Amino acid sequence: MSVAMDIMRALDPAGLERFKINLDTPVQPEKIGEVWTLKVVPFEQTETSRKAFNQLFDNHKTAKSWVVENKEEAIAVVQELYLQYAGKLPQPFDETQLNIAHYPTTGRYSILIHITDIWE
């Protein structure tokens, strides 16, 4: 699962809980978490899908993308992400939520991930 490991290294949510000391100064909002929204699309649709995907959010951050060799690998990568962070996720992996059943099984796929920060 080298693609899953690449994603975990690039987007590692660890370290969001920090030690704080406030010395009589106003406290700026602190990032306390992230929400990752994933979308899997055929590689040929990456750019148009990324633009539409970004518009669903703040449109200021671009979704990151990773390319895999086929639909089966795309599903396996997303499943591995779910397994890795199972303790932090409210629901288990459900392949049907990817909405990719109608796409062909062959051909390269892109995994788009948009990150939304959560502030205290």
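Here, every reference points to the structure presented above.
Presented here is an overview of the structure given in this document.

Reading the values: the criteria
- Residues numbered from 1 in each chain as written.
- Predicted model: local features only at pLDDT ≥ 70, side-chain atom pairs only at ≥ 80, totals over all residues.
- Heavy atoms only, no water.
- Helix = DSSP H or I, 4+ residues; strand = E, 2+ residues; numbered from the N terminus.
- Buried < 20%, exposed > 50% of the residue type's maximum accessible area, 1.4 Å probe, protein only.
- Contact = heavy atoms within 4.5 Å.
- Pairing = 2+ DSSP bridges.
- Axes fitted to C-alpha atoms, helices over the stretch in contact; angles between N-to-C directions.
- Salt bridge = Lys/Arg side-chain N within 4 Å of Asp/Glu carboxyl O.
- Core = buried A, V, L, I, M, F, W, Y, C linked by side-chain atoms within 4.5 Å.

**Side note on the overall build of the chain**
From N to C terminus, the chain includes 3 helices and 3 strands. Listed N to C, the secondary structure of the chain is α-β-α-β-α-β in terms of helices and strands. Out of the 120 residues belonging to the chain, those deemed buried represent 32%. Across the chain, the fraction of contacts at a sequence separation of at least 24, relative to all contacts at a separation of at least 6, is 79%.

**Section: the sheet that holds strand β3 (residues 109-119)**
Taking strand neighbours across the sheet as the criterion, the 3 strands line up as β1-β3-β2 in an open arrangement whose pairing is antiparallel. One side of each edge strand has no neighbouring strand; the edge strands of this open sheet are β1 (31-42) and β2 (64-68). Shown here is a sheet whose adjacent strand axes are inclined to one another by a mean of 25°, direction ignored. Inspection of the sheet shows β1 paired to β3 by 11 bridges, in the antiparallel sense. In the strand pairing of β3, Val35 is matched with Thr116. Against the sheet, helix α2 (residues 46-55) engages β1, β2 and β3, with an angle of about 20° to β3.

**Remarks on the pattern of salt bridges**
Here the idea is simple: oppositely charged side chains can pair when their charged atoms come close. This model, assessed by the stated rule, comprises 3 salt bridges. When the shortest N-O distance is used, the salt bridge between Lys31 and Asp117 registers 3.2 Å. One end of the pair, Lys31, is in strand β1; the other, Asp117, is in strand β3, with 86 residues separating them in the sequence. Between Arg50 and Glu47 there is a salt bridge whose closest N-O contact spans 3.5 Å.

**Some words on the nonpolar core**
Side chains that are nonpolar tend, in soluble globular proteins, to be buried together. Among the nonpolar cores identified, the biggest contains 25 residues, and Ile7, Val40, Val68, Val77, Ile111 and Ile113 are the most heavily contacted of them. When contributions to this core are tallied by element, the ones reaching two or more residues are α1 (2-10), β1, β2, α3 (71-84) and β3.

Function cannot be inferred from these measures alone, as they are strictly geometric.
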